[in-house]
Every structure is written in structure tokens, then in C-alpha cells.
Number of protein chains: 2
Amino acid sequence: MLNFDYSIGTKIFFGKDKIDVLANNIKKYGSKVLLVYGGGSIKKSGLYDKIVTIFNKNDIEFCELSGVEPNPRITSVRKGIELCRENKVDIILAVGGGSVIDCSKVIGAGYYYNGDAWDIVLNSRKITKVLPIATILTLAATGSEMDAGAVISNLDTNEKLPTFNPDMAPKFSILDPTNTFSVPKNQTAAGTADIMSHIFEVYFSNTNEAFMQNRMAEALLKTCIKYGEIAMSDPTNYEARSNLMWTSSLAINGLLSYGKETEWSVHAMEHELSAFYDITHGVGLAILTPHWMLYALNDNTLDKFVEYGVNVWGLNPDTDKYDIAHKSIEKTKEHFISLGIPSTLREIGIGEDKLEKMAKQATSHGKLGSFKPLAMQDVLNIYKASL
Amino acid sequence: MLNFDYSIGTKIFFGKDKIDVLANNIKKYGSKVLLVYGGGSIKKSGLYDKIVTIFNKNDIEFCELSGVEPNPRITSVRKGIELCRENKVDIILAVGGGSVIDCSKVIGAGYYYNGDAWDIVLNSRKITKVLPIATILTLAATGSEMDAGAVISNLDTNEKLPTFNPDMAPKFSILDPTNTFSVPKNQTAAGTADIMSHIFEVYFSNTNEAFMQNRMAEALLKTCIKYGEIAMSDPTNYEARSNLMWTSSLAINGLLSYGKETEWSVHAMEHELSAFYDITHGVGLAILTPHWMLYALNDNTLDKFVEYGVNVWGLNPDTDKYDIAHKSIEKTKEHFISLGIPSTLREIGIGEDKLEKMAKQATSHGKLGSFKPLAMQDVLNIYKASL
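Residues numbered from 1 in each chain as written. Chains lettered and ligands numbered in written order. Predicted model: local features only at pLDDT ≥ 70, side-chain atom pairs only at ≥ 80, totals over all residues. Heavy atoms only, no water.

Within an unreviewed UniProt entry, the label attached to chain A reads Iron-containing alcohol dehydrogenase, and the organism entered is Clostridium frigoriphilum.

Quick look at the UniProt feature "domain: Fe-containing alcohol dehydrogenase-like C-terminal" (unreviewed entry) in chain A now. Mapped onto this structure's residue numbering, the UniProt feature "domain: Fe-containing alcohol dehydrogenase-like C-terminal" (unreviewed entry) falls at residues 188-386 of chain A. For residues 188-386 of chain A, the helix share is 65%, the strand share is 0%, and the end-to-end C-alpha distance is 22 Å. (UniProt positions renumbered as here; feature names shortened; annotations may be inferred. Helix = DSSP H or I, 4+ residues; strand = E, 2+ residues; numbered from the N terminus.)

Before going further, it helps to spend a moment on the UniProt feature "domain: Alcohol dehydrogenase iron-type/glycerol dehydrogenase GldA" (unreviewed entry) in chain A. When the UniProt feature table is mapped to this numbering, "domain: Alcohol dehydrogenase iron-type/glycerol dehydrogenase GldA" (unreviewed entry) covers residues 10-177 of chain A. Taken end to end, residues 10-177 of chain A comprises 32% helix and 24% strand; its first and last C-alpha atoms sit 18 Å apart.

All right, on to the domain arrangement of chain A then. Residue and element names in this part refer to chain A. For chain A, the assigned domains are domain 1 (11-179) and domain 2 (183-386). Just the C-alpha atoms count here: the centres of domain 1 and domain 2 sit 27 Å apart. Residue-level contacts link 24 residues of domain 1 with 27 residues of domain 2. Between domain 1 and domain 2 the total buried area reaches about 2,100 Å² when both faces are included, carbon and sulfur atoms providing 61% of it. (Domains from an automatic or database assignment. Contact = heavy atoms within 4.5 Å. Buried area = accessible area lost by both parts, 1.4 Å probe.)

Before going further, it helps to examine the pattern of salt bridges. One pass over the full model with this rule turns up 18 salt bridges over all chains. Close ionic contact of B:Asp5 with A:Lys18 constitutes a salt bridge, the shortest N to O distance being 2.7 Å. Here B:Asp5 is found in strand β1 (residues 4-6), whereas its partner A:Lys18 is found in the loop between β2 (11-14) and α1 (22-27) on a different chain. Here A:Lys18 falls in the buried class, since its relative accessible area comes to 14%. Taken together, the shared-partner salt bridges in this structure form one network comprising A:Arg215, A:Glu218, A:Lys304 and A:Glu307. (Salt bridge = Lys/Arg side-chain N within 4 Å of Asp/Glu carboxyl O. Buried < 20%, exposed > 50% of the residue type's maximum accessible area, 1.4 Å probe, protein only.)

Strand order in the open sheet formed by seven strands is β1(A)-β2(B)-β9(B)-β6(B)-β5(B)-β3(B)-β4(B), with mixed pairing between adjacent strands. Single-partner strands in this sheet number two, and they are β1 (4-6) of chain A together with β4 (61-65) of chain B. Here the strands of the sheet are splayed against their neighbours by 15 degrees on average, with no regard to which way each runs. In this sheet, β4(B) lies alongside strand β3 (residues 32-36) of chain B in parallel orientation, the contact comprising five bridges. (Pairing = 2+ DSSP bridges. Axes fitted to C-alpha atoms, helices over the stretch in contact; angles between N-to-C directions.)

Turning our eyes to something else, we now look at unusual backbone geometry. Residue and element names in this part refer to chain A. Positioned with a positive phi, Lys 88 is a non-glycine residue whose angle comes to about 50 degrees. Examined against the element boundaries, Lys 88 turns out to sit in the loop between α4 (74-87) and β5 (91-96). On the basis of relative accessible area, Lys 88 is assigned to the exposed category, the value being 58%. Here the phi dihedral of Asn 158 falls at roughly 50 degrees; this positive angle occurs in a residue that is not glycine.

Turning to the relation of the copies chain A and chain B, a few remarks are in order. Superposing chain A onto chain B requires a rotation of 180 degrees together with a translation of 0.0 Å along the rotation axis, leaving an RMSD of 0.0 Å. Viewed as a symmetry operation, the transformation between the two copies matches a two-fold axis. Using C-alpha coordinates, one finds that chain A approaches the rotation axis most closely at A:Met216, a distance of 2.7 Å. Most of the interface of chain A is mirrored in chain B, where 97% of its interface residues again form contacts. (Least-squares fit on C-alpha atoms with pLDDT ≥ 70 in both.)

Residue and element names in this part refer to chain B. Relative orientation of the contacting elements helix α11 (residues 281-296) and helix α15 (residues 376-386) amounts to 125 degrees, with a least axis distance of 9 Å. By the angle class used here, α11 and α15 are oblique. Regarding α11 and α15, the two cross each other, and that crossing is right-handed. Here Ile 287, Leu 288, His 291, Trp 292 and Tyr 295 of α11 lie close against α15, whose contacting residues are Asp 378, Asn 381, Ile 382, Tyr 383, Ala 385 and Ser 386. Its residues placed into classes, the contact of α11 with α15 shows seven nonpolar, three polar and one charged. (Parallel < 35°, antiparallel > 145°, perpendicular 65-115°, else oblique. Left-handed = near helix turned anticlockwise from the far one by under 90°. Nonpolar A, V, L, I, M, F, W, Y, C, P; charged D, E, K, R; others polar.)

Below, the structure written as C-alpha cells:
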């Protein structure tokens, strides 16, 4: 097990009606809020009205940034920073999924940065201070509700890049699974694929001796496999929604990665797809993952795939190792298909023309990952296999 | 899944040579330390000298409380409080296992309490403020390094009672697995049994819908089963010691219990054994556990035992359910025996004479647990079966 420093500061209020804690917890940080949300689903669901009623009753002033995009753009971040400065905001409340939360985090960091916000995406070391962030989660997917990262897109430069600062971790997040009852099937599927990908990125690693973390990763994968389908066919199933929601947070808050080398190469490859084609992140991950697995499978990595096949998919450990490995990859692919997720890039409108450009950009800072390091040609091969 | 509030504030510095962060982290809280330790094994191992050197180099003043007992006594707590008051201590550094840490926590709470420290063990609501606590862990067992509880014994009254306050959670804990290399076999075994018992207490629960927590609990149980034996036969095996150490913290820091009803009846039964006979906590737990399991097994709880047998012990799910359940309990018992732990109360000097008194005291506040609620007669039956 590698050395690590563990510090997870975000408080979680989990369960039905947990919105009751909102006012008291906001007031620990001030009384002027920037309320950030996306396309307006929180208005349809009634969540927006609930929040406004709570704010009014508790003398909490607020201004709004709405319309944050599914791949949140630096233009929205800039708008948010202006709003915070104009209104002397004390705390940012993100109500939505990962996009809304990521956007809010970089608004919070940009508020204290004297320059254009894209600078702090390109170089997270320029982040010195962050406005407090709080969230009400409405989609189980990115885990942004409990981590310190954010991913922002720049359509001018076709870049989608992660940035990070410990102070960007939300001070508190309200996780009420009933707020995900209205998430449509395709987003439930893409969200579940996103959670699974976060787990894969830390599960497939050279640090074999992190036995406990590996078994925990399998526990979370089994949860996604069991409940992704149930949440789609029975959207108001509380058991399914609550398991997925809590899994989304634990998958990427550090718990599974502390003490391990981690991979993150599928995410890096997918970010290029989203940057160039503005596709749904979870869909891109689900398409690439089985092809990445097949590409990463070799004599060195074989045992890890056998572990995966036996422990996650219940395959017979007494059969041929490569057989188990191939079956586990096939099972992964079939699972994403069973969730109704496209399985080829062509299905989501991506052809051959920009693959090389994207592969170059994905590897512009060097090879991806360490489990199976990927150079530009490797990435291109995986993109081509995914067509 | 039940509603819950998650907040784990303890920072963990995990790995070889992590003692390097000690001075800087102490200084965040002040420069006067009460150093608390047990019977002196930290002097033999050289850890004591390392700490003193670091303190001297960094102008950190310290006073000492040594000789804290394996079941830490209220008399030691009182001594510690006096030392803190005389020396105007800023922070308490516990160097040891759960006993030393538990003792330090109640010293920290007692420092601010105007009255006898036993009051705040009897009634944790009397705790209003706590001196900052930090730990350097030398035994993987109680998880006290990352939780907010403490258990203190009073030999005058034959009581061993838990107390709790969020502020008793350590500010930081240094977990260097090499500090457990010198833990003798019997303590390694008892520590592992203690960790397993913490997991059992939250795993065997009526909250079946907490699927993810249940799978994580199994992940941690498998880790204990794999590495307990290795750590005994190969005490300097870093992989084993590191997996056990991190598992000890995660087993009881809330991660497995958030969202679930929990049991804690075996702990309550064991605390009476330790209170009356001053035995090793983990040994008492290991003796009682299989008998508690057998007693708790019935048509209502059967499925949980089947889950346990199949997922933890790899038993064949296609056989008779009661067969699986009985085998899983047998496997548990055999496992503890394989670790060299006594399997009967008589072996550790406990006869029939005080069983009734202990059973009464264990149930003095009502039935124990909810998975299989235990009245006084039930506890007595389990004690008798364990003779």
C-alpha cells in the first residue's frame, strides 16, 4: 500500500427531507448566496420553490446563475464570478449534478483570482482561496458533491480540463435520493456508467497489495451493477436511488484511491470526445471502457482482469485465465448495452476525422496511465476500435 | 437506507515515516503536549526516542502520562487531567493502541469538566469541550484513532462503559504500519478479532437495503481473514500490517454503519467480562461471537447468515440455507481458533459464578441490539454457552 494523506472534510446530510438542514448550514457561512443550477429541471420538480421558500423564511438573500451546461463552460464560470462580486456573495449553493457543482467550484475559486478564470483551470496552482461551496445533489454520477475537483470546457479552444484544490471540496452536501426520482432513463444510465468508470480508474492499478481498497471497489461496482437497471425500470425505487447516490460519492472521494497508483486514462480519452463533440460524459466513458480494457489486457495485467471477472461478475475461477478476462470485458460491454447506452462512437455522431487530433491532445502532456501506459498511437487505436 | 449525517474530520497520515508530519501538525494546536502511552513498548521499539527528538528539535514542551492500562481506568484519566491542568497543555498526543487513545480522549474532555471525570463517562452529555487529541497508532484494533468514542473502566464499581463526543475524534492520526511490526502474536490476533467484531456489529442488521454498506463490510471482513494470519506468522509483512491498520480505522469510523441500524450487543456483553475480569477485549469478543451468532440465527435472520457464508466464506449458495448459516458460524469459530485465541470463557479464567450478575448489568438499560434483541436471560444463555 502506498503512503497517503486522508482528509475528507465534506459533511453529508443523507436521506429524505434532509433539505431541512439547509438554512442552518448556509448561515454558518453567511447570508448571501449564489444559487447555481442547470436547465431548469429543479423548477419542474419543485425543488427550486422549496429552496426559495427556505431562503425567504430565513432572511437569506440570493442571486442566481441558471442554464449551466451539461459540460459546464468557462463562459458560465465567468458569469458566476461577476454575479458573486456584484452581490458580495458569502457562499455558493450548487443545485444539480456534477456539471452545476463543477461550475460552482471554479466560480468560487475564480472569485478570488485576479485574472481570467480559464487560467485557474489550466493551472490549479493559481488557486489561492475559494468561496465556500455547498450542494444539493440531483444526479448520482460525478461524485463532485464530495471531492475537490472540477472539469470545465472551453469551446473556443476545444479543451475540457480538470482542475483541483482542496478548498473546492463542498463544505456540505445534501443528498436526498428522492431528488433523483425524476432523472430520466438515459441520464440514470450515463450517471451509473460514470460512477463505474471512476471505480475502474482506481481499481485497475499496479498496486496489488492494496487488497482492502480492491475489495471495496468491487463492493461499489456490484452496487452499480445491481441498482443501475432497477433505477431505470423503477425510477422511484428508494433503495436503488439511495445506493447509487451514496456510491457516487464514495467512488471518487479518495476512499478507493488512497494508497494506490491510479489510472484515469479513460477519463482523459473521454474528455477529448466531450471537448470536440460536447457528448454526454458517461456515454463516452461507457463506449471507450470495454475497448480500453481489451487494449490493456496482457500477460502483466491478466491477473487483475481475472480478479475482476471472478469477484465482480462471479465467473468460475477454475477456467482459463484469458477466458475469464475476455468474458469479464464482454460482461462489462453487455452491461452498458443493457442500460441502453450506445456502444460505438458512430452512434453518437463521432467519425474518423478528428480521432488523430484528439489522440494527440489527450497525450500532449505524455503517456496516459500506468497500469497500461498509453501513447498517442495507443489512444488512437482505442478510439478506432470504438468507432 | 436510513437517513444519516456523515462527518469524519480526522486527518490520517498513512505510511512509512509519516512521523515526519508530527511537529508541523502539533504546532497547529500549540506547543505544550501531554504525551500518553502504555506499558513502555514504545521505549523498546525506539518510537519514544523519535518523538522526544522531534519535540526537542521543534521547541515543543511535553509532560508524560505512562502506564495506561489495557482496559484504561478512570484513575489514569484523573491523573492525566491533573497533568494537563498543571502544565497548561494545548494538545494530547496518544501513542499506542485503543486503550491509550481512549484514555487520552476522556482526559481531553475531563480537562474542561468541573467535577469528577467518571461523570462524563456515565453521561456523555456533560462533555462540553475537548482538548485537541492526536494519535500515533501502534496497534490495529479498536479504530479509536478515527472515531469519537472511548471506553473507560472503573474497577471500584466493576463498570466498563463507552462515552462519546464528536470533539473527541482525533484531529489527526499517524498510521505507520511499521509501528505494528513488533506487536506480539496474541495481540495481533486479539486486535484482528476486535476489528472483525466491529464489522459484525454493523453487518448483522435489519437494514437489508443498505446493499453497498453490506458489500463494503464483507470487503473489510475478507481483509481481516486474509491478513490476520499473515501478520502473525510474518510480523514484518508490510502488506498485511498496512491492510489491517487501515481496515481497523474504516471498520468503525462510521463508513459501514451510516444508513443502517446497528447491533453492538456482543460489545455490550464483552464489556461486562472485561469489567469483572479485566480480560483482553478482543479475546472476549472472539469467544462470544460464534455463540451470539448461533443464538441470533432464526427464520428471520437466516438470509443474513446465508449472505455472510456465501459472500465472506465462499460457501456454495445452492445448498440448504441453514446448512450455509451453520457452516458460516463454524468457519468464524475455526478462524478465531486458527489465530490462537481461546474459544471458551473457562480458558481465560471465567467461571459460572458471576454470569448472572454480568447478564443483569449488561441489560440494565434494556434489551441489547435489534437484529436479535437480547434480554437478560438471552445474555445469560450466551454466556453459559460460551463457558
